[in-house]
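Take a look at the letters that make up each chain.
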Amino acid sequence: MTNLRKSDPEIADAIQNEINRQEFGVELIASENNVTPAVLEAMGSVMTNKYAEGYPGRRYYGGCEFVDDAERLARNRAKELFGCTRANVQPHSGTQANMAAFFALCDPGDTVMGLSLAHGGHLSHGHPLNFSGRFFNIIPYEVDPEHHRIDMDQVRDLAKKHTPKMIMVGASAYPRTIDFKTFGEIADEVGAKLVADIAHIAGLVAVGLHPSPIPYAAYTTTTTHKTLRGPRGGMILTDKKHYKALQTNVFPGIQGGPLMHVIAAKAVAFREALQPEFKTYQEQVLANAQALSAAFLAQGFDLVSGGTDNHLMLVDLRPKKLKGQQFEDSLHRAGITVNKNAIPFDPEPPMVASGVRVGTPAVTTRGFKEPEMKQIADWFARVAEAPDCEETAAKIKAEVEELCRKFPLYPGMEA
Ligand code: DSN
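Parameters and conventions
Residues numbered from 1 in each chain as written. Predicted model: local features only at pLDDT ≥ 70, side-chain atom pairs only at ≥ 80, totals over all residues. Heavy atoms only, no water. Salt bridge = Lys/Arg side-chain N within 4 Å of Asp/Glu carboxyl O. Buried < 20%, exposed > 50% of the residue type's maximum accessible area, 1.4 Å probe, protein only. Helix = DSSP H or I, 4+ residues; strand = E, 2+ residues; numbered from the N terminus. Near = heavy atom within 4 Å. Polar contact = N/O pair within 3.5 Å; in protein donor to acceptor, adjacent residues only side chain to side chain. Areas by Shrake-Rupley, 256 points an atom, 1.4 Å probe, with all protein chains shown as cover. Nonpolar A, V, L, I, M, F, W, Y, C, P; charged D, E, K, R; others polar. Patch = residues over 30% accessible without salt bridge, like charges linked within 9 Å, V, L, I, M, F, W, Y side chains within 5 Å. Pairing = 2+ DSSP bridges. Right-handed = clockwise from strand over helix to strand, strands pointing away.

Attention shifts here to the pattern of salt bridges. The tally for this structure, following the rule as stated, stands at 18 salt bridges. For the salt bridge of R59 with D68, the shortest nitrogen-to-oxygen distance reads 2.7 Å. Here the two residues R59 and D68 agree in accessibility, since each one is buried. Salt-bridge contacts for E401 lead to R405; the nearest nitrogen and oxygen are separated by 2.6 Å. Of this pair, E401 and R405 both sit in helix 16 (residues 390-405), four residues apart, which is roughly one turn of that helix. What you see here is one network of salt bridges that share partners, running through D378, R382, K395 and E399.

Encoded structure:
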């Protein structure tokens, strides 16, 4: 990035610091990943210069023939990846994708069910401060207090009682397999449409390691940057019947010009996800999550629901007499990044929280396997024993850096 270094050294410094943070730290935020240099190149390309309101072949601007190529490739690859007949790759984010689905299916004031954020759901599934909770009448469902699984009896009872127009299923902090088929049956029983938000598990769904909602959902929404390992953005998958309403509700409904450089990068990532190595990667994401959860339990940590079926786990810190925020800070000093997270029925407010969320997608991308998972759990235990000890943190930070040097992410990259 010699041009940037010359023209804006302050931003070049910030980017260099971020390169170093990613290169020499252990990234365990379950929703993050590290894209390939090819995805980065597409995102940093001249396609950022192009206005292309509309869709391929029907734009409001001239000169769109090459961005049309990119968007068509992205759509076709998305359809092949997820086994559906229609895709809209323009949503700028997962929340934008969900907003388009809401407006395609509902009018303001309509009743919608969604998993409570406090139980692992997402802001855009009905939180009172989000557009979803402000425009729609939200009936939240929860996990059961004993096993921490989505309480399907409660979902069915609430659906029968409130006859929602739409049922949203999906999560940002739920470590167990989601039963999309039963959600589809419940939606059918009450005449609701199902929307599945697979943002967290999209990579697993793409390779068949998590059941797909495509046969049951009117719209399947996702981000493209989590387990799917593409650029930051959103996408919606659907069928012929629900396509027209979707198209108009993304543009002109909720967005203007699409981010064509990001759409090109989505196409690159989808092509990567169609290769056999991507399935091997996702298998290792799951194997690492199993190894890490076993190692946490062996170190005396509690896990919400007792473990995981997917790429993430929620560590309940109460037995260790720690809070989520405090542990997030302590791990950060040791070069390990997690986010505090509410656990179901959390006695603490969200900014304190009783847990941390831990995921394996990013560390698996850099090549960590089962032995490194054991090492991570060992670091967690040492930090938990001395959360305020600067010396322990410094020692672990050096060990973290030493391990990361053996698994380089972006060799030779400089801002
Ligand atoms: N912020 C994302 C996550 O961390 O799961 C959800 O949007």
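What surrounds the ligand is the set S31, H122, S172, H200, K226 and R357. In this structure, H200 approaches the ligand through a side-chain N or O atom, which is 2.7 Å from an oxygen atom. Computed on the free molecule, the ligand has an accessible area of 230 Å², of which 63% lies beneath the protein chains in the complex. Of the residues in the shell around the ligand, the class split is no nonpolar, four polar and two charged.

For the rest of this paragraph, the subject is a nonpolar patch on the surface. A surface patch of nonpolar side chains, about 380 Å² in accessible area, is lined by Y51, Y60 and Y61. Summarising the element assignment, Y60 is placed in the loop between strand 3 (58-59) and helix 4 (65-82). Looking at Y60, the relative accessible area reads 61%, which means it is exposed.

The element strand 8 (residues 193-197) is extensively covered by neighbouring structure, given that four of its five residues are classed as buried. Inspection of the sheet shows strand 7 (residues 166-170) paired to strand 8 by five bridges, in the parallel sense. Note on strand 8: the bridge partner recorded for G170 is D197. Considered for its hand, the β-α-β crossover made up of strand 7, helix 8 (residues 180-190) and strand 8 is right-handed. When strand 8 meets strand 9 (residues 219-223), the two strands line up parallel, connected through three bridges. Counted as the bridge partner of D197 is T221 from strand 9.

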